[in-house]
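# Fold and contact review
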Amino acid sequence: MESISWMSVLFYCLFGTFVYYQQLQVRDFQGASKVFELILSISAFAGMITGLVYLIYYGWAVVWWAPIVIFIIGLLFMLVGVVIEQLLGKFTLSFSGFIGWPVCAYFMFHYVPKVA
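This section reports on the structure supplied with the text.

Calculation notes
- Residues numbered from 1 in each chain as written.
- Predicted model: local features only at pLDDT ≥ 70, side-chain atom pairs only at ≥ 80, totals over all residues.
- Heavy atoms only, no water.
- Helix = DSSP H or I, 4+ residues; strand = E, 2+ residues; numbered from the N terminus.
- Expected span 1.5 Å × (residues − 1).
- Bend = angle between axes of the 7 residues up to and from the residue.
- Buried < 20%, exposed > 50% of the residue type's maximum accessible area, 1.4 Å probe, protein only.
- Contact = heavy atoms within 4.5 Å.
- 1 Å grid on protein atoms, 1.4 Å probe; cavity = no way out; pocket = protein on both sides within 12 Å on 5 of 7 lines; lining within 4 Å.
- Points joined across faces, edges and corners; volume = space filled by probe spheres on them.
- Nonpolar A, V, L, I, M, F, W, Y, C, P; charged D, E, K, R; others polar.

## Looking at helix α4 (residues 90-110)
For α4, spanning 21 residues, the distance from its first C-alpha to its last is 28 Å, which sits close to the expected 30 Å at 1.5 Å a residue. Considering bend angle alone, the principal kink of α4 is centred on G97 and spans about 60 degrees. Within the sequence span of α4, burial applies to L93, S94, G97, G100, W101, C104, A105 and M108. Buried residues along α4 sit against α1 (6-27), α2 (34-61) and α3 (66-88).

Given below as structure tokens:
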């Protein structure tokens, strides 16, 4: 398990939570602003693509099986996400995702182990 960077995984889990709640907000969007809905949709889609690129990159740069483990940990972390949702609310998680997921994305890529 030394191929797993736990800091990178932690940021991936937080990243996944932000993106999930943005996708949920897009799905359940009932606001009048089509511009906000478009911006939210673009952010959620870009987050989804970023997560996919991260998993592929991790598998390519470190070891092929690590993205599977990271993805499963991310799914399990959604149980913690439910607790965070109860504390902050869906809208707060979704809206804070505009800043939260790009910051988490930077750090999850930054902490990918450098394999020589």
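## With respect to the layout of surface pockets
If a probe as big as a water molecule is rolled over the atoms, it shows which places are left empty. Reported here for the largest pocket is a volume of approximately 340 Å³. Lining the largest pocket are 17 residues; nearest its centre among them are Y12, G16, V19, Q23 and F71. Put simply, the parts of the chain that give the lining of the largest pocket at least two residues each are α1, α2 and α3. When residues of the lining of the largest pocket are assigned to their parent elements, the largest contribution, 8 residues, is made by α1. A breakdown of the residues in the lining of the largest pocket according to their chemical character gives 11 nonpolar, 6 polar and no charged.

From the geometry alone we can't say anything about function, so treat these as descriptive.
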